[in-house]
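# Working through the structure, step by step
Residue strings, one per chain:
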Amino acid sequence: MAGKGIRRIVRVAQTGTMIMAGALTLGAQGQTPAVFGPANPFYAQSTLPFQAPPFDKIHDGDYQPAIEAGMAEQRKEISAIADNPEPPTFANTIVAMERSGQLLTRVSLVFSAITQANTNDTLQKVQEIEAPKLAAHQDAIYLDSKLFARVSKLYDERASLKLDAESLRLLEYDYQQFVKAGANLSDADKTKLKKLNEEESVLSTAFTNKLLAATKAAAYSTTDKAALA
């Protein structure tokens, strides 16, 4: 996929946990999430070793504003790449995509870990609400004809770009991911694909949450020592 930020996001989504979190009030009452700002623990990179998340400062209400801001930020970054009047180069296209979506990636990885290890009804509800937004965000990148044209041109000229092995592999991988995501489809088929991706995102998230609920319901729990014996 185009960029580490994009690739990480999609990998997380494919686990069935769809990487959106929400404020406690949003999940329960459908209210607007808090405004994203410096007070949000995801606003800047963590200063802890290896940029480990500051879990002692993160609350359920911090995720959604950061995710929403992250998507908006990456949309601007991707648009700038696609609309760049300069001819495509490895630096202004592939490397630029690699560097996009850092805020979204930062939040997504933490939320994925939390929802897989210690989720709750609020976070699950917001997952279901936000899953279609994530699918649309992904489609907006991979089905962008101007962006794909830049990637495709570099791919076609890859033999003459004198890239090192790692850079060449990244270019080839990004191109393959665009194609697999539907970049070569007609506009009509892209519209159909977007609807299918939206439906799949909703169903997969709902299935995951229902499966967890069924697993919890089937678990045997007792404090009776005699029963345990």
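Residues numbered from 1 in each chain as written. Predicted model: local features only at pLDDT ≥ 70, side-chain atom pairs only at ≥ 80, totals over all residues. Heavy atoms only, no water.

## Some words on the overall build of the protein
Within the protein, the regular secondary structure consists of ten helices and zero strands. Reading the protein from its N terminus to its C terminus gives the helix and strand order α-α-α-α-α-α-α-α-α-α. Out of the 229 residues belonging to the protein, those deemed buried represent 43%. For the protein, the share of sequence-separated contacts (at least 6 apart) that also reach a separation of at least 24 residues comes to 79%. When the accessible surface of the protein is split by element, carbon and sulfur atoms take 56% of a total near 12,700 Å². (Helix = DSSP H or I, 4+ residues; strand = E, 2+ residues; numbered from the N terminus. Buried < 20%, exposed > 50% of the residue type's maximum accessible area, 1.4 Å probe, protein only. Contact = heavy atoms within 4.5 Å. Areas by Shrake-Rupley, 256 points an atom, 1.4 Å probe, with all protein chains shown as cover.)

## So, the side chain of glutamine 124
Along the polypeptide, glutamine 124 turns up in helix H6 (residues 121-142). For glutamine 124, the residues in contact, after removing those within four places along its chain, are Thr119, Asn209 and Leu212.

## Considerations on the pattern of salt bridges
In the structure shown here, the tally under the stated rule is four salt bridges. Aspartate 83 is the salt-bridge partner of lysine 146, the closest N and O atoms lying 2.4 Å from each other. Linking lysine 146 in helix H7 (residues 145-156) with aspartate 83 in the loop between helix H3 (60-82) and helix H4 (90-98), this pair joins segments that are 63 residues apart in sequence. Of the charged contacts in the structure, one is a salt bridge between glutamate 172 and arginine 158, with a shortest N-O distance of 3.7 Å. Of the two residues, glutamate 172 sits in helix H8 (residues 165-180) while arginine 158 sits in the loop between H7 and H8, which places them 14 residues apart along the sequence. Note on arginine 158: relative accessible area 29%, which makes it partly exposed. (Salt bridge = Lys/Arg side-chain N within 4 Å of Asp/Glu carboxyl O.)

## What to know about the packing of H3 against H7
A pair of packed helices is captured by two measures, namely the crossing angle of their axes and the spacing between those axes. Between H3 and H7, the shortest axis-to-axis distance is 8 Å and the interhelical angle comes to 55°. Considering their axes alone, H3 and H7 lie oblique with respect to each other. Relative to H7, H3 is oriented so that their crossing is left-handed. Counting all contacts with H3, which are made through Ile78, Ile81 and Ala82, the residues of H7 involved are Lys146, Leu147 and Arg150. (Axes fitted to C-alpha atoms, helices over the stretch in contact; angles between N-to-C directions. Parallel < 35°, antiparallel > 145°, perpendicular 65-115°, else oblique. Left-handed = near helix turned anticlockwise from the far one by under 90°.)

## Concerning helix H9 (residues 187-218)
Here H9 contains 32 residues, and its C-alpha end-to-end distance of 46 Å stays within 8% of the 46 Å for a straight helix at 1.5 Å per residue. When we look at burial in H9, the residues that qualify are Lys190, Leu193, Ser201, Ser204, Thr205 and Asn209. (Expected span 1.5 Å × (residues − 1).)

## Observations concerning the environment of leucine 170
Relative to the elements of secondary structure, leucine 170 occurs in helix H8. For leucine 170, a relative accessible area of 17% translates into the label buried. C-alpha separation for the pair leucine 170 and isoleucine 94, spaced 76 residues apart in sequence, amounts to 8.0 Å.

## Notes on the packing of aromatic side chains
One pass over the full model with this rule turns up seven aromatic pairs. Put simply, the rings of Tyr142, Phe148, Tyr155, Tyr175 and Phe178 pair up and form one aromatic cluster. The ring of tyrosine 155 carries arginine 158 above its face, with NZ or CZ at 3.9 Å from the centroid. (Phe/Tyr/Trp six-rings, centres within 6.5 Å; stacked < 30°, edge-to-face > 60°. Lys NZ or Arg CZ within 6 Å of the ring centre and 35° of its normal.)

## Overview of the confidence of the model for the protein
Across the protein, the average pLDDT comes to 87, with 85% of residues at or above 70. Segment residues 8-31 is flagged for pLDDT under 50; beyond a separation of four residues in sequence, or across chains, it makes 75 contacts in the model. (pLDDT = per-residue confidence, 0-100.)

## Here's the deal with the packing of H4 against H8
One way to put it is that H4 packs onto H8 with a least axis distance of 11 Å and a crossing angle of 70°. Here H8 runs roughly perpendicular to H4, going by the angle between their axes. Listed contacts from H8 to Phe90, Ile94, Met97 and Glu98 of H4 are Ser167, Leu170, Leu171, Asp174 and Phe178. Of the residues assigned to the contact of H4 with H8, the class counts are six nonpolar, one polar and two charged. (Nonpolar A, V, L, I, M, F, W, Y, C, P; charged D, E, K, R; others polar.)

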